[in-house]
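# An overview of the molecular structure
One letter stands for each residue in the lines below.
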Amino acid sequence: MINAQTFDLLHLIACEIKQCYDELFGGIQVIACGDFFQLPPIKGVFVFKSKIWQQYMTEVLVLTECFRQKEDAQFFGALNEIRFGQVSDQTIDYFMTRCFEKDENLNNKYTRLFFRNVEVDVYNNNKMKSIKHEGYWFYAKDDIKNPNIQCSFHIPATVYLKLGAIVMLVKNINVEEGLCNGSIGTVILKENNAVWVNLNKKEVKIECVKEEILHCTHAAVGSRFGLPLKLAFSFSVHNAQESTMNKDVVQFNSKAFINSLYYVSLSRVCNINDVFIIINNKLE
């Protein structure tokens, strides 16, 4: 989802570092990989509209082998129709078999995907209210060296948790142990400045950690010390774009403001039977 402006800026920075101004990234070899049929940048225009991209990125390889849906060829073919925006009546009927008007009969531990953050917040808050256990607030501590620099942290400023809450790690803690950004688990115990989470079939203690925002000189311009977790009963399609999910409950409560949201939301799983499409479901 990198935009054209960011790509140009990275090029200029690399050229300055290498003191070479007539080659892409100052002569540093670059391999760019992505799918322009998926979500566009949050801000700005697609990276391929960059003048630097058009000047230098001339060698293109098209990847054709599917890995996520390789065991379900029909599902892969149907998703590709949505991806290209050429959907047949047969594919519409195919996905209609996975449509439900209510999610009451679905496992409430299946993660819900929404198009808009406001829908994510409403669903997560409602799920928290339904949990009878006592709730606990965790407050992060910030240390901003330069107030003129806006620091954007992955660790939330505040997080409200209960035993039984579904949460997601927002930072890599121990990649070898599977404690990485995007991992989802269930809160099972609370301690001071820490919680125990059932994650990847293991009981893991998640403690407050430090996150730093670095200047180009590697000096920290700001830091946050807090719990690296956020609620994950549901999250936005944008947040799920890089994920492969076991079950995918897609909430079509509102019309997609970007057509590619439909493809990305439906393609997070490996098999058609793991997709559950909810339509006309009111968030109360």
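Above: the structure in question.
Just so you know, these numbers come straight off a predicted model, no measurement behind them. (Residues numbered from 1 in each chain as written. Predicted model: local features only at pLDDT ≥ 70, side-chain atom pairs only at ≥ 80, totals over all residues. Heavy atoms only, no water.)

## Quick look at the overall build of the protein chain
Rules: The numbering of helices and of strands both runs from the N terminus, where a helix is a DSSP run of H or I of at least 4 residues and a strand a run of E of at least 2. Each residue is assigned to one of three classes by its accessible area relative to the maximum for its type, calculated with a 1.4 Å probe on protein chains only: buried under 20%, partly exposed between the two thresholds, exposed over 50%. Exposure was quantified through the Shrake-Rupley algorithm and a 1.4 Å probe, taking into account, for residues, occlusion by the shown protein chains and nothing else.
A count of helices and strands for the protein chain gives 7 helices and 15 strands. Across its three principal directions, the C-alpha atoms of the protein chain cover 60 × 55 × 35 Å. Out of the 284 residues belonging to the protein chain, those deemed buried represent 40%. Here the protein chain has roughly 17700 Å² of accessible surface; of this, 50% comes from carbon and sulfur atoms.

## Regarding the packing of helix α3 (residues 73–84) against helix α4 (residues 89–96)
Cut-off, in case you're wondering: Working convention: axes come from line fits to C-alpha atoms, limited for helices to the stretch in contact. Angles between N-to-C directions cover 0 to 180 degrees. By convention, the crossing between two helices is left-handed when the near helix turns anticlockwise from the far helix through less than a right angle, and right-handed when the turn is clockwise. Here, two residues are considered to be in contact whenever any of their heavy atoms come within 4.5 Å of each other. Note on residue categories: nonpolar means Ala, Val, Leu, Ile, Met, Phe, Trp, Tyr, Cys or Pro, charged means Asp, Glu, Lys or Arg, and polar means any other residue, Gly included.
Two numbers describe how α3 lies on α4: the axes approach to 10 Å, and their chain directions differ by 115 degrees. The handedness of the crossing between α3 and α4 comes out as left-handed. On α4, the residues touching Gln 74, Phe 75, Ala 78, Leu 79, Glu 81 and Ile 82 of α3 are Thr 91, Tyr 94 and Phe 95. Residue composition of the contact of α3 with α4, grouped by class: 6 nonpolar, 2 polar and 1 charged.

## As for the sheet that holds strand β11 (residues 220–226)
Short version of the rule: Pairs of strands are assigned from DSSP output, requiring at least two bridges between the strands.
Judged by pairing direction, the sheet is antiparallel, and its 3 strands sit side by side in the order β4-β11-β10 without closing on themselves. The outermost strands of the open sheet, each flanked by one partner alone, are β4 (141–144) and β10 (209–214). Direction aside, neighbouring strands of the sheet carry axes that sit 15 degrees apart on average.

## Focus: the environment of Glu 191
Here is the rule: In protein, a polar contact means a hydrogen-donor-capable atom and an acceptor-capable atom, both N or O and within 3.5 Å, with residues adjacent in sequence counting only if both atoms are side-chain atoms; elsewhere, any N or O pair within 3.5 Å suffices.
Counting through the fold element by element, Glu 191 comes out in strand β7 (residues 184–191). Residue Glu 191 is classed as partly exposed on the basis of its relative accessible area of 28%. Spatially, the C-alpha atom of Glu 191 lies 14 Å from that of Glu 203, the residues being 12 residues apart in sequence. If we ignore the near neighbours within four places in the chain, the residues touching Glu 191 are Phe 138, Trp 196 and Lys 205. Here Trp 196 takes part through its side chain, which lies 2.9 Å from a polar atom of the side chain of Glu 191.

## Examining the pattern of salt bridges
What counts is decided by this rule: For salt bridges, the criterion is a side-chain nitrogen of Lys or Arg within 4 Å of an Asp or Glu carboxyl oxygen.
Inspection of the entire model under this criterion finds 8 salt bridges. Across the salt bridge formed by Glu 191 and Lys 205, the nearest N and O atoms sit 3.0 Å from each other. Of this pair, Glu 191 sits in strand β7 while Lys 205 sits in strand β9 (residues 202–207), and the two are 14 residues apart along the sequence. Linking Lys 205 and Glu 207 is a salt bridge whose minimum nitrogen-to-oxygen distance equals 3.9 Å. Since its relative accessible area comes to 34%, Lys 205 is described here as partly exposed. Via salt bridges that share partners, Glu 191, Lys 205 and Glu 207 belong to a single interconnected network.

Structural measurements only, silent on function.
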